[in-house]
Amino acid sequence: MTTPITSTTSGLALGLFPSGAVVPAHPLALDDRGAIDWRSQQALTRYYLDAGVHGLAVGVHTTQFALHEDPGMLLEVWTAAADAARGAGRPITLVAGVRGAAARTEALSAAELGYRAALLSPDPAATDEEVLETARSVGEAIPVIGFYMQDSVGGRYLGPDFWRALFAQPSVVGVKIAAFDRYRTAEVVRVLAESGRDDIALLTGNDDNIVGDLATEYRIDVGGAERRVSFAGGLLGQWAVGTRAAVELSAAAVNARDEGAIPIGLTATGSALTEVNSAVFDTVNGFAGCVAGVNEVLRQQGLVQTATCLDTRERLSPGQSEAIADARRRHPGLLDEDFIAENRDRWLG
């Protein structure tokens, strides 16, 4: 007996994520003084919408966690994205990044603005029970997407008991797995299969294995019945750059998975994308420049003024700018070079 949980059935009774969903983690554009550059901020949103994204995640890691220290500024950034999404002429799933002691308050504000779900960033110092209680509280205001964040950027190991308890909360509609670890990814997938829920969307956040995740179908024995589990799409910092290429690649990966045949060319593209991600996310320095690296790609492409971050400790590593420039030269198609050059002035207008 086979009971599939696939990207077409998961997503949710709420219809948040279609098959192959692309949800970029929206960056924060700053000027040299560290103030928000609204012209560039709005240009980025226009870029993503024109690229064909299915959603936008705002207030998440790539938007800079330090933004949450200024609730008024966070609200302005959320509002600007929501206003743009309403004018897109098609459904856009808005996801609000919420965190810390203010998570419930932030969730209430985001819901009022039209955000459909909250991505809950766990405090690495919190216990499993505290994270679960925060998820329950946030879930009273807005549907919740769990977040498995890799250790290098503030995450920690979350075991099967944690995921069982989280998936038992009715308000949970998705999970972003960004552990950058195939073992941990498989562990969460198994727990989801065992939970019996078919309304929780799996979203990859493994920027080092995007195509691999999207093209994989997990077949898991649960009490003698085979459960099939697949990723519905991705919510990714990597997709804040090369976004139109991401929309095309995500669709190709999911279609190949559903047809049961993965072309060699697709896996080769996946390897190239991982290579690009290494430069952007600064893997050689333990991801120290990952947020600044996303901004640096956009700066080199003329969409934002600077790679500056609110937290001065988040900056480009020595040689990272040159590595990004080299990645742009070697993989222009994966970074939307022509698409951006043709439309940049209009987006900035």
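Scroll up to find the structure.
Calculation notes
Residues numbered from 1 in each chain as written. Predicted model: local features only at pLDDT ≥ 70, side-chain atom pairs only at ≥ 80, totals over all residues. Heavy atoms only, no water. Helix = DSSP H or I, 4+ residues; strand = E, 2+ residues; numbered from the N terminus. Buried < 20%, exposed > 50% of the residue type's maximum accessible area, 1.4 Å probe, protein only. Contact = heavy atoms within 4.5 Å. Phe/Tyr/Trp six-rings, centres within 6.5 Å; stacked < 30°, edge-to-face > 60°. Lys NZ or Arg CZ within 6 Å of the ring centre and 35° of its normal.

**Considerations on the environment of Ile340**
Structurally, the position occupied by Ile340 is in helix 12 (residues 337–348). By relative accessible area, Ile340 is classed as buried at 1%. With 42 residues separating them in the primary sequence, Ile340 and Leu298 have C-alpha atoms 9.7 Å apart. The contacts of Ile340, once residues within four sequence positions are left out, are Tyr47, Gln301, Leu303, Leu335 and Trp347.

**Quick look at the packing of aromatic side chains**
Counting across every chain of the model gives nine aromatic pairs. Seen from their ring centres, Tyr47 and Phe339 are 6.2 Å apart, and the 50 degrees between their planes marks the pair as tilted. Linking Tyr47 in helix 1 (residues 38–51) with Phe339 in helix 12, this pair joins segments that are 292 residues apart in sequence. The same class applies to Tyr47 as to Phe339, namely buried. Relative to Phe287, the ring of Phe180 lies with its centre 5.5 Å away and its plane at 85 degrees, an arrangement referred to as edge-to-face. With a gap of 107 residues between them, Phe180 in the loop between strand 7 (172–178) and helix 6 (182–195) and Phe287 in the loop between helix 9 (264–280) and helix 10 (290–300) connect regions that are remote in the sequence. Its relative accessible area of 14% is what places Phe287 among the buried residues. Here the aromatic residues Tyr47, Tyr48, Phe339 and Trp347 are joined through ring pairs into a cluster of three or more. Lying across the ring of Phe65, Arg99 places its NZ or CZ 3.9 Å from the centre.

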